Amino acid sequence: MSIQLESSWLALLKDEFEKDYMKSLKEFLKEEKKNRQMIYPKGSDIFKAFELTPFQNVKVVILGQDPYHGAHQAHGLSFSVQKGVKQPPSLQNIFKELANDIPDFEIPNHGDLTDWAKQGVLLLNVTLTVSAGKAGSHQNKGWESFTDKVIEILSEQREGLIFILWGRFAQAKENLINQEKHYIIKSAHPSPFSAYSGFFGSKPFSKTNEILRKLNKTEINWQI
């Protein structure tokens, strides 16, 4: 596992890499590779969300569960896929909701959310790696301790952030967020199994921009 963490995040998280859970996680990843398991995303993309959204630039956090496990999909940003790759169903539903929520939004022909990340949307998966073809295969191996720490640091050291929590898995992290300092927008998950149970019509994107306007911050241009 190559550690390429952006400098502002590294200053805050460097101690985590010396902890037992992280050492155990590194050993697990080494064993997976030794057993010829393909791991997604590639090593240089594992911390891509941090690279594209430095600590001081974060305005919004969208929590995902773990990376896509198909070839060429995951590139270190929650819900995002690389250009040229078919949009997964959850991402298709995110774009459908955007088209209903944001005037003039046009559904793009790709699923690369890098533009959001560069505007201050931290696209954070709770688990940062996965084995090819095995959804959830790297859960409970240590990543959750690392990303919980990320959420805690954001909650403690920043103010006025917007956390978008879709589904029960993301909403389980609510207790890590100081709700007196931050905003939480939550609904059902955009997955086809739950999108019609409260995701469609929840308008998270316009709500986010409404809060940013109130805070005199630049709104997110959701069009990619």
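Preceding this section is the structure that the text describes.
Description of the structure in this document. What you are looking at is a predicted structure, and each value in this text was computed from that prediction instead of being measured.

1. Comments concerning helix α4 (residues 89–101)
End to end, α4 covers 18 Å across 13 residues, agreeing with the expected 18 Å (1.5 Å per residue, within 8%). Inspection of α4 places S90, L91, N93, I94, F95, E97, L98 and D101 among the buried residues, and these make up the whole buried set. Packing partners of the buried residues in α4 comprise α5 (114–118), β5 (162–166) and α8 (204–214).

2. Side note on the environment of Y183
Relative to the helices and strands, Y183 resides in strand β6 (residues 183–187). On the basis of relative accessible area, Y183 is assigned to the partly exposed category, the value being 24%. Taking C-alpha positions, Y183 is 8.6 Å from I164, a pair spaced 19 residues apart along the chain. Discounting residues that sit within four places of it in the chain, Y183 has contacts with G160, L161, I162, F163, I211, K214 and L215.

3. With respect to the sheet that holds β5
A sheet is described by the order of its strands in space; here four strands give the open sequence β3-β2-β5-β6, paired in parallel fashion. Both edges of this open sheet fall to β3 (121–125) and β6, since each of them pairs with a single strand only. For this sheet, the mean angle separating the axes of adjacent strands, direction not counted, is 20 degrees. In the sheet, strand β2 (residues 60–64) pairs with β5 via three bridges, with the strands oriented parallel.

4. Topic: the side chain of D112
Topologically, D112 is positioned in the loop between α4 and α5. Among buried Asp, Glu, Lys and Arg side chains, D112 stands out as unpaired, with K83 the closest opposite charge at 4.7 Å. Among the polar contacts made by the side chain of D112, one reaches the side chain of T114 at a distance of 2.6 Å. Beyond its immediate chain neighbours, meaning those up to four positions away, D112 contacts H75, S80, V81, K83 and I224.

5. Observations concerning the environment of M22
Relative to the assigned elements, M22 resides in helix α2 (residues 20–34). Judged by its relative accessible area of 0%, M22 falls in the buried class. In this structure the C-alpha to C-alpha distance between M22 and G142, which are 120 residues apart in sequence, comes to 6.2 Å.

6. Looking at the pattern of salt bridges
Here the idea is simple: oppositely charged side chains can pair when their charged atoms come close. What the rule picks out here adds up to eight salt bridges. Its salt-bridge partner being K48, residue D45 comes within 3.6 Å of it at the nearest N-O pair. For the pair D45 and K48, one class covers both residues: buried. Here K186 and E174 are joined by a salt bridge, their closest N and O atoms 3.0 Å apart. Of this pair, K186 sits in strand β6 while E174 sits in the loop between α7 (167–171) and β6, and the two are 12 residues apart along the sequence. By relative accessible area, which is 16% here, E174 ends up buried. A cluster of three or more residues bridged by salt bridges with shared partners is formed by D45, K48 and E51.

7. A few points about the packing of α4 against α8
Their axes nearest at 8 Å, the elements α4 and α8 cross at an angle of 60 degrees. When the interaxial angle is binned, α4 and α8 end up oblique. Here I94, E97, L98 and D101 of α4 lie close against α8, whose contacting residues are P204, F205 and S206. Residues belonging to the contact of α4 with α8 are distributed by class as follows: four nonpolar, one polar and two charged.

Reading the values: the criteria
- In this numbering scheme, every chain counts its residues from 1 along its sequence in written order.
- Since the coordinates come from a predicted model, pLDDT governs what is reported: local features require at least 70, and pairs of side-chain atoms require 80 or more to be given and counted, while whole-chain, interface and lining totals use all residues.
- Side-chain calculation: all heavy atoms of the structure are included, whereas hydrogens and water are not.
- The numbering of helices and of strands both runs from the N terminus, where a helix is a DSSP run of H or I of at least 4 residues and a strand a run of E of at least 2.
- Expected span of a helix, by definition, is 1.5 Å for each gap between consecutive residues, and there is one gap fewer than residues.
- Accessible area is worked out with a 1.4 Å probe on protein chains only. A residue is then buried under 20% of its type maximum, exposed over 50%, and partly exposed in between.
- In this description, contact between two residues means that some pair of their heavy atoms is separated by no more than 4.5 Å.
- Any two strands with at least two DSSP bridges between them are considered paired.
- For helices, the fitted line uses only the C-alpha atoms of the stretch in contact; every axis is such a line through C-alpha atoms, and the angle between N-to-C directions lies from 0 to 180 degrees.
- Counted as positive: Lys and Arg. Counted as negative: Asp and Glu. His and the chain ends are not counted at all.
- By definition, a salt bridge exists where a carboxyl oxygen of Asp or Glu is found within 4 Å of a side-chain nitrogen of Lys or Arg.
- Here a polar contact is taken to be a pair of N or O atoms separated by no more than 3.5 Å, where protein atoms must pair a possible hydrogen donor with a possible acceptor and residues adjacent in sequence count only if both atoms sit in side chains.
- The scheme is simple: roughly parallel for angles under 35 degrees, roughly antiparallel for over 145, roughly perpendicular for 65 to 115, oblique for anything else.
- Gly is placed with the polar residues, together with every amino acid not listed as nonpolar (Ala, Val, Leu, Ile, Met, Phe, Trp, Tyr, Cys and Pro) or charged (Asp, Glu, Lys and Arg).

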